[in-house]
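# Survey of secondary and tertiary structure
Spelled out from the first residue to the last, the chains are:
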Amino acid sequence: QVQLKESGGGLVQSGGSLRLSCAVSTPISNVYRVPWYRQAPGQQRELVGTILATGVTNYAGFAKGRFSISKDNAKNMVYLQMNNLITEDTAVYYCSRMLDASSPDDWGQGIQVTVSS
């Protein structure tokens, strides 16, 4: 069974930065897509951004210019660098793994990010 585990969350002040890591238990070099999602209290889960097997990245509008996704295929790690954080970024963040274009096949357990004003 594939496991994904997020780390690096916590409490940060508005304007600060955090880097989330996602450790994947299987090779990611050929994984179709590794998306990051987030879910704020009382809100639906939303896509933050994604990195394709080729390394190409795509971001939701709120993440463009502030967030950056990267990966290290040799370590089976995916990263979400978040800069200039605002209180609205407070949420549980999830990494996932997609083997095709349909929907995520596997999920991490999520990690809390809290941005204080």
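In this report, the structure presented in the accompanying data block is examined. (Residues numbered from 1 in each chain as written. Predicted model: local features only at pLDDT ≥ 70, side-chain atom pairs only at ≥ 80, totals over all residues. Heavy atoms only, no water.)

## With respect to the side chain of E6
Relative to the elements of secondary structure, E6 occurs in strand β1 (residues 4-7). Summary of buried charges: E6 has no salt-bridge partner, and the nearest side chain of opposite charge, K5, is 6.8 Å away. Engagement of the side chain of E6 in a polar contact is seen with the backbone nitrogen of Q109, the distance being 3.2 Å. Among the polar contacts listed, one links the side chain of E6 to the backbone nitrogen of G110, at a separation of 3.0 Å. Once residues within four sequence positions are removed from consideration, E6 is found in contact with S21, C22, W36, Y93, Y94, C95, G108, Q109, G110 and I111. (Helix = DSSP H or I, 4+ residues; strand = E, 2+ residues; numbered from the N terminus. Buried < 20%, exposed > 50% of the residue type's maximum accessible area, 1.4 Å probe, protein only. Lys, Arg positive; Asp, Glu negative; His and termini not counted. Salt bridge = Lys/Arg side-chain N within 4 Å of Asp/Glu carboxyl O. Polar contact = N/O pair within 3.5 Å; in protein donor to acceptor, adjacent residues only side chain to side chain. Contact = heavy atoms within 4.5 Å.)

## Regarding the side chain of D89
Note that D89 resides in the loop between β8 (77-82) and β9 (91-97). The residues contacting D89, other than those within four sequence positions of it, are R38, R66, F67, N84, V113 and V115.

## Describing the state of the cysteines
Under the counting rule described, the total for this entry stands at one disulfide. Between C22 and C95 runs a disulfide, and the two sulfur atoms are separated by 2.0 Å. As the torsion about the S-S bond is roughly 65°, the C22-C95 disulfide counts as right-handed. Of the two residues, C22 is situated in strand β3 (residues 18-24) and C95 in strand β9; the sequence distance between them amounts to 73 residues. For C95, a relative accessible area of 0% translates into the label buried. (Disulfide = S-S within 2.5 Å.)

## Examining the pattern of salt bridges
For the coordinates displayed, the defined rule picks out four salt bridges. Between R38 and E46 there is a salt bridge, with its nearest N and O atoms 2.7 Å apart. Overall, R38 belongs to the buried group, its relative accessible area being 6%. With relative accessibility at 33%, the residue E46 sits in the partly exposed group. R38 serves as the salt-bridge partner of D89, at 2.8 Å between the closest nitrogen and oxygen. Here D89 is found in the loop between β8 and β9, whereas its partner R38 is found in strand β4 (residues 33-39), with 51 residues between them in sequence.

## Focus: the packing of aromatic side chains
Counted according to the given criterion, the structure contains three aromatic pairs. Both rings, one in Y94 and one in W107, keep their centres 6.2 Å apart while their planes meet at 90°; by these two values the pair is edge-to-face. Residue Y94 is located in strand β9, and its partner W107 is located in strand β10 (residues 106-107); the two are separated by 13 residues in the primary sequence. Classification of Y94 as buried rests on a relative accessible area of 12%. Through pairs of rings, three or more aromatic residues link up here, namely Y37, Y94 and W107. In this structure, R45 is placed above the aromatic ring of W107, and the distance from its NZ or CZ to the ring centre is 4.5 Å. (Phe/Tyr/Trp six-rings, centres within 6.5 Å; stacked < 30°, edge-to-face > 60°. Lys NZ or Arg CZ within 6 Å of the ring centre and 35° of its normal.)

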